[in-house]
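Structural overview for review
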Amino acid sequence: MASAPAVHAGLAVQQSTNKGRLVVATQAIPAQAVLMVDLPYALVPAPLSHEPPISFCCNHRCNRQASRAGLELQPRQENRDAAMQADNSRSGGPVTFISCPRQCAPEVLWCSRDCHAQDAARHNPECAWLRSSGARARAEQGEFEFELLWLLARTSIRRHCDSNIGSEPGENHNESVETGSAVTTSAGSSHFDRRGWDSVWDLEGSPGSFPVDEVAGWRDLTSTYLVDKIPGVECTAEQAIGLICRLETNSFGLYPGVTGDYPIKTHAGRGEYFGSGLYPTAAMFNHACCPNVSHRLDEHSRRIFTANREIKPGEECCISYFDLVEFRDAAVRRHEIRTKWTFGCDCQRCQDDANEGLPDFLTGLDIEND
Ligand SMILES: [Zn+2]
Ligand SMILES: [Zn+2]
Ligand SMILES: [Zn+2]
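Predicted model, so just to flag it, every value in this text is computed and none were measured.

Here we come to the overall build of the protein chain. When helices and strands are tallied, the protein chain shows ten helices and 17 strands. With 370 residues in all, the protein chain has 38% of them scored as buried. Considering only residue pairs separated by 6 or more positions, the protein chain has 71% of its internal contacts joining residues 24 or more positions apart.

This part covers the sheet that holds strand S13 (residues 275-278). Strand order in the open sheet formed by three strands is S5-S13-S12, with antiparallel pairing between adjacent strands. Taken across any chain shown, the strands that pair with only one partner, and hence form the sheet edges, are strand S5 (42-45) and strand S12 (252-254). Taking the axes of each pair of neighbouring strands and ignoring which way they run, one obtains an average angle of 25° across the sheet. Of the pairings in the sheet, the one linking S5 to S13 comprises four bridges and is antiparallel in character. In the sheet register, proline 45 faces S13, and the bridge partner there is glycine 275. Where helix H4 (residues 143-164) meets the sheet, its contacts fall on S5 and S13, and the angle it forms with S5 comes to roughly 145°.

A word on the sheet that holds strand S15 (residues 293-297). Taking strand neighbours across the sheet as the criterion, the four strands line up as S1-S4-S16-S15 in an open arrangement whose pairing is antiparallel. In this open sheet, the two edge strands, each paired with only one partner strand, are strand S1 (6-7) and S15. Strand direction decides the pairing type here: strand S4 (residues 34-38) and strand S16 (residues 303-307), joined by four bridges, are antiparallel. By the bridge assignment for S16, valine 37 is matched with isoleucine 304.

Moving on: the environment of alanine 117. Secondary-structure assignment places alanine 117 in helix H2 (residues 113-118). Among the residues examined, alanine 117 registers 12 C-beta atoms within 10 Å and is labelled exposed.

Let's shift gears to unusual backbone geometry. The residue after tyrosine 262, namely proline 263, is reached through a cis peptide bond having omega 0°. Tracing the backbone shows proline 263 in the loop between S12 and S13. Its identity as a non-glycine residue notwithstanding, glutamine 103 has a phi of 50°, on the positive side. Here glutamine 103 lies in the loop between strand S9 (95-99) and strand S10 (109-110).

What follows deals with the environment of tryptophan 150. Looking at the element boundaries, tryptophan 150 is found in helix H4. The class for tryptophan 150 is buried, based on 26 C-beta atoms found within 10 Å. Through-space distance from the C-alpha of tryptophan 150 to that of alanine 137 is 9.6 Å; in sequence the pair is 13 residues apart. Among residues more than four places away in sequence, those in contact with tryptophan 150 are Val44 and Gly134.

Reading the values: the criteria
Residues numbered from 1 in each chain as written. Chains lettered and ligands numbered in written order. Predicted model: local features only at pLDDT ≥ 70, side-chain atom pairs only at ≥ 80, totals over all residues. Helix = DSSP H or I, 4+ residues; strand = E, 2+ residues; numbered from the N terminus. Buried ≥ 20, exposed ≤ 12 C-beta atoms within 10 Å, placed from the backbone. Contact = placed C-beta atoms within 7 Å. Pairing = 2+ DSSP bridges. Axes fitted to C-alpha atoms, helices over the stretch in contact; angles between N-to-C directions.

This is the structure:
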C-alpha cells in the first residue's frame, strides 16, 4: 500500500475532556473492514540475547521481516551480493540478510544490497553512535535502557534525514479547538492529516505526566548517552525528554501474531516480542479489554487495523494494548493495566466483571464466544 498511512474514511479523531483524544466511527463500519494501515516512523529490533523470533530490515522504507529460524546471515561482501539478491527475490526460499560491515550491533541487518545502499545516509550516524555511546549504554545500563535509547536515536536520526531532503508534508501547527462541550472534533488540525515528524511531535506525552524521579532518570540517561552524541544529528536535552515521554506514552511492541482479536477465539497468544516502534497515526487509539479493533503486522512491519465486529456510527474505536489471550483473568488484567499503563480501565468488559463478580473462569472462552 503505497499511500500508507491510510485511514478509513469513516474514522475521525475527537477530543474528550476525560480521555484526551480518541478515535470515533463517523459511519457504520462492517466487521473485518480494514480501518487503518500505519507505517512505522522508527523501529528498533529486540536484543538478540532475548531470542526474538523475527528480524527485520533496518531500512526504514522497507522493514521487511524474516523468521530467524529460516534466516541466513552474511557479512556485507560485494561478491556475494548478486547471488543473495536473486535468492531473496524468490518467495518461499531461504532468506539471507546482510549485517553491517562495521559490526555496530548484531541486530542491524538489511534484506538486500539495495536496502543497505538506500539506508546509508540514515545508518551512518547511527552506526557511529552504536559503536560509541550505544555500546557503552548497553554495557553500563543493560539491554532495556539501551533499547529505549536506540529508539530515541533512530527517531532523532529519521527526523534529521527527513529534514535534509525537505520532505515534511502536513506541517500545520493549529491547536485543537477549546470548547465547553465534552467531545469536539478539532476541525482542520486532525492528527490523521499529519505526517512525518509533525505527527510524532503532535502525540501526547510530557514530563508532567510522569513521576519526577523517572523523568530525572531519563535526563541522566539521555545526557550521558544521547544528547550531542549522534554525529551530525541535532538532539537537545529538551527534545530528548519530550521524545522519551511521547515514546513511553505511544510506542507499540512488535509481535508475530494478532493483538486484541475479540471475542477471544484461541489459546495461542500473539507470540514473542521482537522489537518496538512508533506508529504515529495509530497512536490515537485508546485501550479496551473488549476491543472492537485488532491489529497485526504485515511482512514489511506495516500495522494493519481491522474491525473485530460491526461498529456503529458514534462508537469509539479501541484496540488492546496487551495480549488479551495472555491476560485473560480479570484481576491479572487490571493489575497489568495499572502497573504498566497507569490508568484504571473502565471499558464495558471491566465494568461487567466488576458488576457481576463472577469467578473469572466463567468469562473465559465459551461464554465470550456467544
Ligand atoms: Zn529491506
Ligand atoms: Zn553499522
Ligand atoms: Zn478494561
